[in-house]
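# Descriptive structure summary
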Amino acid sequence: MAPTRNNDGLLARVNFPLYTLQMVTSRHILVGGGGGSSKTGVANGFEIFEISHNGETFVAEEAVRHETGPTVVMNSATYNDGKRTFLVAGQESHCQLYHVRLSVENEKRNSISSADQKEAQSNDNQTRQRKKRNSTSETSDKTSSNKSEKQKDKVTSNGVNKVQKRLHFEIKPSDSIQTDFSKEEPLQKVVRISRNGEIMVTGGTDGFIRVWQFPTMNKLLNIKAHTKEIDDLDICPDSATIASISKDGACCLWNSKTGKKTSTLTWEIPANSKYLYKRCRFGIRGNGTDFDSLFTLANPVGRAGNLKSYLQMWEPASGKLRRNHAFDESLAALAVRDDGMFVAVGTMFSGSVSIHVAFSLQRIMNVRNAHGMFVTGLEFLPTSLDGPAITCPYEAAVVSISVDNRVCIHQVPFRQTMPVWLVLVLMVILLCASFTVCSYFGL
């Protein structure tokens, strides 16, 4: 059984509920959400944090914050082609495109002695006090000011200048397009961008999958996919197939070029019960464009009796269910690492996060009560993205968010493996034993 971890893992806390989480670079995450259009005083928008590891723990520092007025950010996607960075955000019935400009800035930090700090602070305080007591003595103020500036120069010269390069983000809104046309409450529920950056797909309450050319935002396909609202979409690594799940209970695969349905996934559901898919993500292997699996989350409707929820792994080509892993509560969030080795699942009621080996679905880490409410988003720290990966002593790390306003991180220590020398010794012993047995029986 996988170990249970109770440590907090808190990276950051924001002042609005969180609904969407994306990696921007290998070291930067974007979290978005808000309080909606009601006048509650809760902001709407997104923040970008830089994540690093200080040798003991992960730390996060805010890089930029962008507010979106009265519209909450419910879903998002990012794309970086090596030269430009794009962000798309679902804001009610529309999808807003942002151009993200990244520039490197040098940040100077001075390391000074405590004695110099106290002396400089003392002189600054004296200057402020003299200004308050004698506002008519300009000569005295100038003398004090000059003395303070000299002292600051002294402190700087005595200190050690530390230059740290950091990424600066500039967010510029661009095109906004309507992506959902439901007559009652139009709402974009999901947006995804293909790995090659050529197409974007959106889904919402009207049940349509819409395929857009990216980043021009020109419409390519209108697919009447489901009879009810779409809950999740994903694009396979080679961009040829789109997976969709809906509240009508179906999980379907579509040709991204023609819009034709290629298959509907089915499995043997327990008798007298109904299940709904919640999330879907393609698995990845090899060079990042090959795939041989599709992961889904399935929850029983009504939670009647002792019915389980499932993390499922499918073979997309045949529509065959390979294996599943059962949970005792409903599931809410799903993520697959960029190299396809690990899968993470977030739960609905306990706000827990579990990490699994992708090919076997074996659970290797379980973080109970990671959040106070249901998990709304999960993202693994990538192994290959724009810039070098974060150096840390862990085999995997996943970031989680929730409507409890918290951004947390959960890491998997390197699992112990049998040394090569021990494997060789055991092989030699096994061969010797086999030879002895064969000789004994005259074989």
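Residues numbered from 1 in each chain as written. Predicted model: local features only at pLDDT ≥ 70, side-chain atom pairs only at ≥ 80, totals over all residues. Heavy atoms only, no water.

### Quick word on the packing of aromatic side chains
Using the following cut-off: Within 6.5 Å between ring centres, the rings of Phe, Tyr and Trp (the latter by its six-membered ring) count as paired, and their orientation is classed by plane angle as stacked under 30 degrees, edge-to-face over 60, tilted in between. Starting at the N terminus, helices and strands are each numbered in turn, a helix being any DSSP run of H or I of at least four residues and a strand any DSSP run of E of at least two. Each residue gets one of three labels from its accessible area relative to the maximum for its type: buried under 20%, exposed over 50%, partly exposed in between, using a 1.4 Å probe on protein chains only.
Going through the model one piece at a time under the given rule, you end up with 8 aromatic pairs. Ring centres of Phe46 and Tyr98 lie 5.4 Å apart, and the angle between their planes is 75 degrees; this geometry places the pair in the edge-to-face category. One end of the pair, Phe46, is in strand E5 (residues 44–53); the other, Tyr98, is in strand E9 (residues 94–111), and 52 residues separate them in sequence. Owing to a relative accessible area of 1%, Phe46 belongs among the buried residues under this scheme. Tyr98 sits in the buried class, given a relative accessible area of 3%. Note on Trp267 and Tyr310: the rings are 5.8 Å apart at their centroids and 75 degrees apart in plane angle, and the pair reads as edge-to-face. Within this pair, whereas Trp267 is found in the loop between strand E18 (261–264) and strand E19 (275–282), its partner Tyr310 is found in strand E21 (residues 309–315), the two being separated by 43 residues in sequence. By relative accessible area, which is 15% here, Trp267 ends up buried. Look at Tyr310 and you get buried, because its relative accessible area is 15%. A network of ring pairs unites the aromatic residues Tyr79, Phe86 and Phe214 as a single cluster.

### Topic: the side chain of Thr179
What counts, and what does not: Between N or O atoms, a polar contact is any pair within 3.5 Å; within protein, one atom must be a potential hydrogen donor and the other a potential acceptor, and residues adjacent in sequence are included only when both atoms are from side chains. Contacts: residue pairs with any heavy atoms within 4.5 Å of one another.
Within the secondary structure layout, Thr179 lies in the loop between strand E10 (160–178) and strand E11 (188–193). There is a polar contact of 2.7 Å between the side chain of Thr179 and the side chain of Gln188. In contact with Thr179, not counting residues within four places along its chain, are Ser93, His94, Cys95, Gln188, Thr202, Arg210 and Trp212.

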